[in-house]
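Understanding the architecture of this molecule
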Amino acid sequence: MATRRTQRAGTVLVTGFEPFGGEATNPSQELAQRLDGRVVAGHRVVGRVLPCRFGAAREALHAALADAAPQLVVALGQAGGRAEISLERVAINVDDARIPDNYGAQPIDLPIVADGPAAYFATLPIKAIVHALRADSIPAAVSQTAGTFVCNHVFYALLHALSRRDDVRAGFVHVPYSDEQAARHPGAPGLPLDLMERAVVRTIETALSVARGDRQETGGAVS
Ligand code: PCA
């Protein structure tokens, strides 16, 4: 009888970023660290923290992909000022930094991948995830732009690296400030880290449970 490779438990890669822009913390870093080693829906979570640096962030992502060989990738980043968990729809092939990264680089209108496509769509079921989060009383929405800073850089590099892998779903989730950070930014919304942790767990569970495609429900914007 032909031997089959032993079926290994699947792996989910969750990435976050180190603090940037003068912040002392980054909720995405804390979430990746909290989830590292956890088992969610029978899958082992590998949590990794990426440098907030153009180029180096992409290299660290590639190393994490090679290391974890994940079935699912949920990349996280902080979007201070947003009130909802943002399921990003699209990554675009441009670095255009409004502020310097953590090493002083500030690229303007440079492609992330020379000759790469203008954009990639997330392969996560973003509508189903937004639906599941809202059903769990977690504020969530589809977002039409991940910006043009290091988060979009990693998001694009992620989808480019997996562009020939139909078997691996991947996407990017921006999270608001933590409550603690929001307290230092008058008027800015924040969410408790525990709630954001539950949001990432629900995101993973939903992505693993939707076999293919997505929920038919609007997440659009008029302008
Ligand atoms: N947010 C930034 C980069 C790192 C992070 O957490 C962004 O949205 O590009």
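See the structure shown above.
Notes on the structure follow. Everything numeric in this text was worked out from a predicted model, so none of it was measured.

1. Description of the packing of helix α1 (residues 27–35) against helix α6 (residues 193–209)
For the pair α1 and α6, interaxial distance at closest approach is 10 Å and the crossing angle is 60°. Seen from above, α1 lies across α6 with right-handed handedness. Contact with α1, carried on its side by Pro-27, Glu-30, Leu-31, Arg-34 and Leu-35, involves Leu-193, Asp-194, Met-196, Glu-197, Val-200 and Val-201 of α6 and no other residues of that element. Classifying every residue of the contact of α1 with α6 by side-chain character gives 7 nonpolar, no polar and 4 charged.

2. Here's the deal with α1
Three or more residues of α1 are buried, namely Pro-27, Ser-28, Gln-29, Leu-31, Ala-32 and Leu-35. Phi turns positive, to about 90°, at Gly-37, one or two residues after α1.

3. Observations concerning the environment of Ala-211
Within the secondary structure layout, Ala-211 lies in the segment after α6. Ala-211 sits 52 residues away from Leu-159 along the chain, and the two C-alpha atoms are 19 Å apart.

4. Considerations on the environment of Leu-124
As for its placement among the helices and strands, Leu-124 is situated in the loop between β7 (119–121) and α3 (126–135). Exposure remark for Leu-124: the relative accessible area of 5% places this residue in the buried category. Residues Leu-124 and Gly-171, 47 residues apart in the sequence, show an inter-C-alpha distance of 5.5 Å. Not counting chain neighbours up to four residues away, the residues in contact with Leu-124 comprise Leu-72, Val-73, Ile-129, Arg-169, Ala-170, Gly-171, Phe-172, Ala-207 and Asp-214.

5. A few points about α6
For an α-helix, 3.6 residues make a turn, and residues three or four places apart therefore share a direction. Its 17 residues give α6 an end-to-end C-alpha distance of 24 Å, which sits within 8% of 24 Å, the value for a rise of 1.5 Å per residue. The complete set of buried residues in α6 reads Leu-193, Leu-195, Met-196, Glu-197, Ala-199, Val-200, Val-201, Thr-203, Ile-204, Thr-206 and Ala-207.

6. With respect to the side chain of Ser-143
You can see Ser-143 is positioned in strand β8 (residues 140–143). On the basis of relative accessibility, which here comes to 8%, the residue Ser-143 falls in the buried class. Excluding anything up to four places from it in sequence, Ser-143 contacts Arg-82, Ser-86, Leu-87, Glu-88 and Arg-89.

The rules behind these values
- Residues numbered from 1 in each chain as written.
- Predicted model: local features only at pLDDT ≥ 70, side-chain atom pairs only at ≥ 80, totals over all residues.
- Heavy atoms only, no water.
- Axes fitted to C-alpha atoms, helices over the stretch in contact; angles between N-to-C directions.
- Helix = DSSP H or I, 4+ residues; strand = E, 2+ residues; numbered from the N terminus.
- Left-handed = near helix turned anticlockwise from the far one by under 90°.
- Contact = heavy atoms within 4.5 Å.
- Nonpolar A, V, L, I, M, F, W, Y, C, P; charged D, E, K, R; others polar.
- Buried < 20%, exposed > 50% of the residue type's maximum accessible area, 1.4 Å probe, protein only.
- Expected span 1.5 Å × (residues − 1).

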